[in-house]
Amino acid sequence: MSPEIVLEQPIANVTPQTGFDRDSFNTYVMNTYGRFPIAIAKGEGCRLQDTEGKEYLDFVAGIATCTLGHAHPKLIEVVSKQIQKLHHVSNLYYIPEQGELAKWIVEHSCADKVFFCNSGAEANEAAIKLVRKYAHRVLDFLEQPVILTAKASFHGRTLATLTATGQPKYQKDFDPLVPGFAYVPYNDIEAVENAIADLDEGNRRVAAIMLEPLQGEGGVRPGNIDYFRRLRQICDQNNVLLVFDEVQVGVGRTGKLWGYENLGVEPDIFTSAKGLAGGIPIGAMMCKQKCDVFEPGSHASTFGGNPFACASGLAVLQTIESDNILENVIARGEQLRAALSAIVVQFPELFVEVRGWGLINGMEIRESAPFTSADIVNAALAEGLLIAPAGPKVLRFVPPLIVTEAEVNEAVAKLKIAMSKVLHH
Ligand SMILES: *Cc1c(COP(=O)(O)O)cnc(C)c1O
């Protein structure tokens, strides 16, 4: 066995790659992303450095993924040790790290059981399969189960999750989509009641409703508490499963460990991925006992729940707890929303509102404003601040959960400079 790594400030000693050959990249890599013209070479905390040596304050965090920021000492220690010990074995055998992570999640959530995979789309795909199996086995009068999802939702890019995603722009060119989905407007209880009644007329069809507690990609729109409370009742009365996609809002992002805690209801099934292992690929699908209907052979994933990913996930969750990170998320979120709201008050002709929970926040730009979210994102990048669009008119702020008070102030200062440059061009 190799000796354990002695960690001696590895971050400061890393020499980043300099000089990046963008033409070569574009020659060999598929053109699936509209990329900003920089390449990131290294990171520490909430800061990144590109291949030219320019520094950025990171309010994207790999899209709400780098929970503990970059090069966090605890994550470095755990992944270094784990890769020396054991990084992958098949689920043909028991994996102790998987059991420990599942236990932590169950003890800190409303779930009874966990299935592990590698991404958000896969976690949602597993949830969709679990709903269908539950429908065929438990609601056996239901032959063609339908899952209701919301318009403007985002659930992933596999065929089933793309179909679940209520945004035609993502589905274009990928027909035929997967049958068994129908769409309702978000936060609209009457629409759900009507959809269940329409679809169920004479022939029961709705097996589940799958929603994000806060719509991330679709414009950072928080769920309405009254809507979700009523929805829980409707689901209970009609034996419809309530499924939450917590891929973006779970794992402390909202200031609570799970997104559903903001809504005062518990889902029957929920999914997690992005922030769960702080940037190491992982996905998880959780369910309550009553819908724990998978059996050997029902579902599987070669990489899912391997020792490396699970040790990383456990390190992230334990650090959130031991370092009181949720307190920071709440305080920094309030600070950020207050600062952004002051900009909205100052420029009501340009901005609609600021909304969000904890450290997932959106700033909506007026339709009539002479710029888009991409214009501001580009200008911010030039000022050394990374933020992400959530649609053409919403700016999304999802920094690492360890962001400091000074970093929030710095980000807002850079954002203001970026905005004034966009306005005066
Ligand atoms: C990012 C995201 C997904 C997809 O996750 P991948 O890991 O990219 O497959 C699904 N649902 C929500 C809410 C997301 O934000």
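Every value quoted in this text rests on a predicted model; they were computed, and no experiment measured them.

Section: the pattern of salt bridges
Next up, step 1: With the rule as written, the count across this model stands at 18 salt bridges.
Next up, step 2: Glu97 is the partner of Lys85 in a salt bridge, and the nearest nitrogen-oxygen pair spans 4.0 Å. Placement of the pair is Lys85 in helix H4 (residues 73–85) and Glu97 in helix H5 (residues 96–107), with a sequence separation of twelve residues.
Next up, step 3: For Lys133, the salt bridge is made with Glu295, and the minimal N-O distance between the two is 2.5 Å. Note that Lys133 is positioned in helix H6 (residues 120–137) and Glu295 in the loop between strand E12 (283–287) and helix H11 (307–322), a separation of 162 residues in sequence.

What about the packing of aromatic side chains?
Next up, step 1: Counted by the stated rule, this structure contains nine aromatic pairs.
Next up, step 2: Between Phe228 and Phe244, the ring centres sit 5.4 Å apart and the planes meet at 80°, which makes this aromatic pair edge-to-face. Taken as a pair, Phe228 in helix H10 (residues 225–238) and Phe244 in strand E10 (residues 241–245) lie far apart in primary sequence, 16 residues in all. No difference in accessibility class separates Phe228 from Phe244, as the two residues are buried.
Next up, step 3: A network of ring pairs unites the aromatic residues Tyr186, Tyr227, Phe228 and Phe244 as a single cluster.

So, the sheet that holds strand E16 (residues 388–389)
Next up, step 1: Read across the sheet, four strands follow the order E13-E14-E17-E16 without closing on themselves; strand pairing throughout is antiparallel. A strand with exactly one partner marks an edge of an open sheet, and here the two such strands are strand E13 (351–357) and E16.
Next up, step 2: Where E13 meets strand E14 (residues 360–365), six bridges bridge the pair, whose relative direction is antiparallel. If you follow Gly356 over to E14, its bridge partner there is Asn361.
Next up, step 3: Its contacts with the sheet put helix H13 (residues 373–382) on E14, E16 and strand E17 (394–397), and the angle it makes with E17 is roughly 45°.

As for unusual backbone geometry
With the exception of glycine, the majority of residues adopt a negative phi angle, and the majority of peptide bonds are in the trans configuration.
Next up, step 1: Looking along the chain, the bond that leaves Asp175 and enters Pro176 is cis, with omega of -5°.
Next up, step 2: Within the element layout of this structure, Pro176 appears in the loop between helix H8 (168–171) and strand E6 (181–184).
Next up, step 3: Of note in the backbone geometry, Ala71 takes a positive phi value of approximately 55° without being a glycine.
Next up, step 4: Following the sequence through the fold, Ala71 ends up in the loop between helix H3 (61–64) and H4.
Next up, step 5: Positive phi, normally seen in glycine, also occurs at Asn239, with a value near 55°.
Next up, step 6: Summarising the element assignment, Asn239 is placed in the loop between H10 and E10.

Description of helix H12 (residues 325–346)
Next up, step 1: Helix length check: H12, at 22 residues, gives a terminal C-alpha distance of 32 Å against a target of 32 Å (1.5 Å per residue), a fit within 8%.
Next up, step 2: Ile325, Asn328, Val329, Arg332, Gly333, Gln335, Leu336, Leu340, Ile343 and Val344 are the residues of H12 that are buried.
Next up, step 3: Turning to H12, the residues buried within the fold contact H11, E13, E14, E17 and helix H14 (405–423).

Thoughts on the packing of H12 against H14
Next up, step 1: Direction vectors running N to C along H12 and H14 enclose 20°, while the axes themselves pass 10 Å from each other. As the angle between them shows, H12 and H14 are arranged roughly parallel. In terms of crossing hand, the pair formed by H12 and H14 is right-handed. In contact with Arg332, Gln335, Leu336, Ala339, Leu340 and Ile343 of H12, H14 contributes Glu405, Val408, Asn409, Val412, Leu415, Lys416 and Met419.
Next up, step 2: Residues belonging to the contact of H12 with H14 are distributed by class as follows: eight nonpolar, two polar and three charged.

Here's the deal with the side chain of His155
Next up, step 1: Within the secondary structure, His155 sits in the loop between strand E5 (146–150) and helix H7 (159–164).
Next up, step 2: Within the structure, the side chain of His155 is placed 2.8 Å from the side chain of Asp245, a separation counted as a polar contact.

Things to note about the domain arrangement of the protein
Next up, step 1: Along its sequence, the protein is organised into domain 1 (22–71 + 324–423) and domain 2 (73–322).
Next up, step 2: When each unit is reduced to the centre of its C-alpha atoms, the spacing between domain 1 and domain 2 is 26 Å.
Next up, step 3: At the interface, 30 residues of domain 1 touch 32 residues of domain 2.
Next up, step 4: Of the roughly 2,500 Å² buried where domain 1 meets domain 2, counting both sides, 63% is carbon and sulfur surface.

Focus: the environment of Cys110
Next up, step 1: Tracing the chain through its elements places Cys110 in the loop between H5 and strand E4 (113–117).
Next up, step 2: Cys110 gets classed as buried once you look at its relative accessible area, which sits at 10%.
Next up, step 3: On a C-alpha basis, the gap between Cys110 and Ile417 in space is 44 Å, while along the polypeptide they are 307 residues apart.
Next up, step 4: Cys110 has contacts with Tyr260, Glu266, Pro267, Phe270 and Lys288, leaving out every residue within four places of it along the chain.

Quick word on empty space enclosed by the protein
Next up, step 1: Scanning the model with the defined rule gives one cavity of 30 Å³ or more in all.
Next up, step 2: Taken together, Ala64, Thr67, Val247, Gln248, Gly250, Val251, Arg253, Gly275 and Leu401 make up the lining of the largest cavity.
Next up, step 3: Two domains share the lining of the largest cavity, each providing at least three of its residues, namely domain 1 (22–71 + 324–423) and domain 2 (73–322).

Here we look at the layout of surface pockets
Next up, step 1: Quantified by volume, the largest pocket comes out at close to 1,600 Å³.
Next up, step 2: In this structure, the largest pocket is lined by 47 residues; those nearest its centre are Tyr33, Val60, Gly62, Ile63 and Arg396.
Next up, step 3: Looking at the lining of the largest pocket residue by residue, the classes come out as 24 nonpolar, 14 polar and nine charged.
Next up, step 4: Approximately 790 Å³ is the volume found for the second largest pocket.
Next up, step 5: Those elements that provide at least two residues to the lining of the second largest pocket are H5, E4 and E12.

Criteria and thresholds
- For every chain, the first residue of the written sequence is number 1, and numbering continues from 1 onward in sequence order.
- Given that this is a predicted model, residues contribute local features only at a pLDDT of at least 70 and side-chain atom pairs are listed and counted only at 80 or more, while totals for whole chains, interfaces and linings are drawn from all residues.
- Hydrogens are left out, water is left out, and the side-chain values use all remaining heavy atoms of the structure.
- Criterion for a salt bridge: a side-chain nitrogen of Lys or Arg within 4 Å of a carboxyl oxygen of Asp or Glu.
- Each helix is a run of DSSP H or I of at least 4 residues and each strand a run of E of at least 2, with the numbering of both proceeding from the N terminus.
- Each pair of aromatic rings taken from Phe, Tyr and Trp, with Trp reduced to its six-membered ring, is defined by centres within 6.5 Å and is described as stacked if the planes are under 30 degrees apart, edge-to-face if over 60, and tilted in the remaining cases.
- When accessible area is computed with a 1.4 Å probe and restricted to protein chains, residues below 20% of their type maximum are described as buried, those above 50% as exposed, and intermediate ones as partly exposed.
- At least two bridges found by DSSP between two strands are what make those strands a pair.
- Contacts were defined at the residue level, with two residues in contact if any of their heavy atoms lie within 4.5 Å.
- For helices, the axis comes from a line fit to the C-alpha atoms of the stretch in contact; other axes are also lines fit to C-alpha atoms, and the angle between any two N-to-C directions lies between 0 and 180 degrees.
- To estimate the expected span of a helix, count its residues, drop one, and scale the result by 1.5 Å.
- Oblique is the label for any angle not covered by the other classes, which are roughly parallel (under 35 degrees), roughly antiparallel (over 145) and roughly perpendicular (65 to 115).
- Left-handed is the label given to a crossing in which the near helix is rotated counterclockwise from the far helix by less than a right angle, and right-handed is the label when the rotation is clockwise.
- Under the scheme applied, nonpolar residues are Ala, Val, Leu, Ile, Met, Phe, Trp, Tyr, Cys and Pro; charged residues are Asp, Glu, Lys and Arg; polar residues are all the others, including Gly.
- Here a polar contact is recorded for every N or O atom pair within 3.5 Å, except that within protein the pair must consist of a potential hydrogen donor and a potential acceptor, and residues adjacent in sequence are included only if both atoms are side-chain atoms.
- Domains are outlined according to an automatic or database domain assignment.
- For any pair of parts, buried area is found by adding up, for both, the accessible area (1.4 Å probe) each one loses once the two are put together.
- Only protein atoms enter the calculation, which uses a 1 Å grid: trapped sets of points that fit a 1.4 Å probe without letting it out are cavities, open sets showing protein on both sides within 12 Å along at least five of seven lines are pockets, and any residue with an atom within 4 Å of a point is a lining residue.
- Grid points are joined across faces, edges and corners, and a volume is the space filled by probe spheres set on the points.

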